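# Working through the structure, step by step
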Protein chains: 2
Amino acid sequence: MALPSGPTIRALRLFGSRGPRMTRRAPRVQHDFRSYATTLESNSKGLVLKVSEGGKSSPKRLSQLWLRDQTLWNASIASNPPEVSFDSVMAKGDVSGMADLTEKIRGYGICFVTNTPKTPEATNELLEAIGPIRNTHYGGFYDFVPDLAKADTAYTNLALAAHTDTTYFTEPAGLQAFHMLSHTSPPNKANDDSSLGGQSLLVDGFYAAYRLKKEYPEAYETLREVRLPWHASGNDGVAIAPDRAYPVIEASPYKFHRVRWNNDDRGVVPLNVNVDKWYSAARRWDSILRRKQNEYWFQLEPGRVLIFDNWRVLHGRSAFEGLRRICGGDINRDDFISRWKTSNFPRSEVIAANMQLK
Amino acid sequence: MALPSGPTIRALRLFGSRGPRMTRRAPRVQHDFRSYATTLESNSKGLVLKVSEGGKSSPKRLSQLWLRDQTLWNASIASNPPEVSFDSVMAKGDVSGMADLTEKIRGYGICFVTNTPKTPEATNELLEAIGPIRNTHYGGFYDFVPDLAKADTAYTNLALAAHTDTTYFTEPAGLQAFHMLSHTSPPNKANDDSSLGGQSLLVDGFYAAYRLKKEYPEAYETLREVRLPWHASGNDGVAIAPDRAYPVIEASPYKFHRVRWNNDDRGVVPLNVNVDKWYSAARRWDSILRRKQNEYWFQLEPGRVLIFDNWRVLHGRSAFEGLRRICGGDINRDDFISRWKTSNFPRSEVIAANMQLK
């Protein structure tokens, strides 16, 4: 794949609106980012919004190759979620499987890795093939069953609304991976996944931000402008907060950059802003995140690793009974983007783009 | 130590100007940060600049407890560098040594840990007592002798001008630690530290930024405003760049936040800014960093671990002969600040401050 050079076309696709879990109406796609010409096309993949950069764009923007195609999605992604096979990703001497995996995560914010050996060792190996596993106060690669001693809701059986993780770090986790190795029922119950609960939930935060911007532009601006304190205070001896306050939505006029959303980690809305306005905007955002047509529900399965971009995609789950064993880990966004570039583009072009030589 | 509440006095001290390596003239300390009243006092520690917050400060600022005293320094710090003993930091059931260590790193950007057992194991244990060791494409805790395969100047015998590390990460390394375990001479040389070279260099980037702001305010603003690409491209399969372009100096009108400075990692100055102006500002900045009176030179010694804040302090070294074995590791800024807060302040006050409850 060659890097785009000079003014180019980028596409923000709205994921296929004609799948079996079709939403009641096709997503509205009038694109309102400033200073870009937009055209709308219909093809076999659904509605495709093409954004061509106008005369106002600077050379700097054009060289940022990671601003390429992103596909926004809603519940209809369930009909055809992005996936690649473990063997293709791990193939020795052939980078095309890794290129496919990282390109899908870049484009959709999520990808499943199928036919993964149902062991923590294989999962660890898969993640390290993408990049170094991040080390935090919870450790690096993890393999756990519910544990209240961790003092974090992730380690319980509780239902969790859609949220992003580690909002309290200056740099939140980039990629996250979940591999459910087993789900065993309590002694008095049949071992039946559907009755034990624990369905997983994903929501495309960039699509939600796009909806918010369209439907309630003032609320969008409020969540983009008001910087909040975030913190992690559950664990003894640990009291983490970012280097400064950060807004819920980080975005420029021409792209979404990062979403932070976890009420359990949120500090107090600063008193020097219009607090009522912020809470009103947060309610609108929350209602978009909770719309049925935006929620992608599925069951985690042994052998099918979920990897998602925690700067973009929110995750949650329903409550569950019994014992789930989940392994996984985090990878910094920089290491992921590095692997995406080096597996998809010629090295000399990647370095030139990183240096902004062109 | 109780947290300050309400308007308070903060001090930016200029490290003792009367030590044996006294600079030719006392540092000029007229403080020019906006919206703060300043007073100048002379005491046994040198010249102390006190900055009292005026009526314009917001409640938000007051709750940021990590905006407390910072002591700016130059070469004269050599007469009395901050240090704590390994045993006090590692004392079981007594947090005062850790509080002392983290407070010194917070205040000066550097601290030595003396009487450390001369092993990688003890060094690792010391660092993990502060926070989780960061994992990068070079690994986590390291223990190395020069190795060109790493494709990074750090792993050579070359002289290195003062720089910060990992400028190419969205979030550069917070703390860095160096423990020199041994320095053995080449076969034909006496084992004499002073003739083998490898002196270490530290420069207080916040003091240099303070000088730049005083002497060349326009250059200061240029280095604060112009965002540059940074990149790591030396290693096969790795091509890291931050999430966006970052300036050399990140600062608000009332505090210095972070410095990025490494010519080997710097991309091309964007063509949509005044390039000549940027290079002129960079030359002024570089000349301040290279002033003899700002350079703190010393020899690393086995048993004496150096820990410094890579968001503030630049490091370098002279060329050396023979083989040096150095171990160490990086700790994220968030984890360090967490340890600083939890060891120095009551937990309830730390959490309230992190949440901005007060």
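Residues numbered from 1 in each chain as written. Chains lettered and ligands numbered in written order. Predicted model: local features only at pLDDT ≥ 70, side-chain atom pairs only at ≥ 80, totals over all residues. Heavy atoms only, no water.

So, on to the side chain of N354(A). Following the sequence through the fold, N354(A) ends up in helix α10 (residues 347–355). Residue N354(A) is classed as buried on the basis of its relative accessible area of 5%. Engagement of the side chain of N354(A) in a polar contact is seen with the backbone oxygen of A239(B), the distance being 3.2 Å. Contact partners of N354(A), with chain neighbours within four places excluded, come to K341(A), P229(B), W230(B), H231(B), A239(B), I240(B) and A241(B). (Helix = DSSP H or I, 4+ residues; strand = E, 2+ residues; numbered from the N terminus. Buried < 20%, exposed > 50% of the residue type's maximum accessible area, 1.4 Å probe, protein only. Polar contact = N/O pair within 3.5 Å; in protein donor to acceptor, adjacent residues only side chain to side chain. Contact = heavy atoms within 4.5 Å.)

What follows covers the side chain of H163(B). Residue and element names in this part refer to chain B. Along the chain, H163 falls in strand β8 (residues 160–163). Judged by relative accessible area, which is 10%, H163 ranks as buried. At 3.1 Å, the side chain of H163 forms a polar contact with the side chain of D165. In this structure, H163 is in contact with W261, N262, L314 and H315, ignoring residues within four places of it in sequence.

Take the pattern of salt bridges next. Under the defined criterion, the tally for this structure stands at 24 salt bridges over all chains. D334(A) is the salt-bridge partner of R333(A), the closest N and O atoms lying 2.8 Å from each other. Under the relative-accessibility criterion, R333(A) is labelled buried at 6%. When its relative accessible area of 1% is taken as the criterion, D334(A) is described as buried. Here R211(B) ties to E215(B) by a salt bridge, and the two come within 2.9 Å at their closest N and O atoms. Linking R211(B) with E215(B), this pair stays in helix α6 (residues 205–215), spanning 4 residues, or about one helical turn. Each of R211(A), E215(A) and R291(A) takes part in one network of salt bridges that share partners. (Salt bridge = Lys/Arg side-chain N within 4 Å of Asp/Glu carboxyl O.)

A few words on the pairing of strand β15 (residues 313–317) of chain B. Residues and elements named next belong to chain B. Burial runs high along β15: 5 of the 5 residues are buried. Side chains V313, H315 and R317 of β15 all project onto a buried face; the interleaved residues L314 and G316 project onto the opposite face, where all are buried too. Where strand β10 (residues 200–204) lies against β15, 5 bridges are found, and the strand directions are antiparallel. Residue pairing in the sheet places D204 in a bridge with V313 of β15. (Pairing = 2+ DSSP bridges.)

The next subject is the confidence of the model for chain A. All names here are of chain A. The share of residues in chain A with pLDDT of 70 or more is 79%, and the mean pLDDT across the chain is 82. Taken as a whole, residues 1–68 scores under 50 in pLDDT and shows 156 contacts with residues more than four places along the chain or in a different chain. Across the interface, the model reports ipTM at 0.83; the global pTM reads 0.84. (pLDDT = per-residue confidence, 0-100.)

To continue, consider the sheet that holds strand β13 (residues 296–298) of chain B. Residue and element names in this part refer to chain B. Taken in spatial order, the 4 strands make up an open sheet running β8-β15-β10-β13, and their pairing is antiparallel. If you trace the sheet from one side to the other, it starts and ends with β8 and β13, each paired once. On average, each strand axis in the sheet is tilted by 15° relative to the strand beside it, whichever way the strands run. In this structure, β10 lies alongside β13, joined through 3 bridges in antiparallel fashion. When the sheet's bridge partners are listed, L202 is paired in β13 with Y296. Relative to the sheet, α6 contacts β10 and β15, its axis offset from that of β10 by approximately 50°. (Axes fitted to C-alpha atoms, helices over the stretch in contact; angles between N-to-C directions.)

Tracing the backbone through its elements, the reader meets E121(A) in helix α4 (residues 120–130). In this structure the C-alpha to C-alpha distance between E121(A) and C327(A), which are 206 residues apart in sequence, comes to 9.7 Å.

Now for the layout of surface pockets. Residue and element names in this part refer to chain B. The space that makes up the second largest pocket amounts to roughly 1,100 Å³. Taken together, 50 residues form the lining of the second largest pocket, with D152, A154, L160, H163 and D165 sitting closest to its centre. Listed by contribution, the elements that provide at least two residues to the lining of the second largest pocket are β7 (142–144), β8, β9 (175–184), β10, α8 (275–289), β15 and β16 (323–331). Here the lining of the second largest pocket gets 4 residues from one element, more than from any other, and that element is β8. Partitioning the lining of the second largest pocket into residue classes produces 21 nonpolar, 18 polar and 11 charged. (1 Å grid on protein atoms, 1.4 Å probe; cavity = no way out; pocket = protein on both sides within 12 Å on 5 of 7 lines; lining within 4 Å. Points joined across faces, edges and corners; volume = space filled by probe spheres on them. Nonpolar A, V, L, I, M, F, W, Y, C, P; charged D, E, K, R; others polar.)

So, about the interface of chain B and chain A. Across the contact, 51 residues belong to chain B and 51 residues belong to chain A. For the pair chain B and chain A, the two sides together bury roughly 3,800 Å², of which 50% comes from carbon and sulfur. The interface formed by chain B and chain A contains 0 salt bridges. Across the contact surface, chain B and chain A share 23 residue pairs in polar contact (both at pLDDT 80 or more). At the level of secondary structure, the elements contributing two or more residues to the side of chain B that touches chain A comprise β12 (255–259), α9 (333–344) and α10 (347–355) of chain B. Looking at the side of chain B that touches chain A element by element, the count peaks at 7 residues for α9(B). Across the side of chain B that touches chain A, the residue classes break down as 20 nonpolar, 18 polar and 13 charged. (Buried area = accessible area lost by both parts, 1.4 Å probe.)

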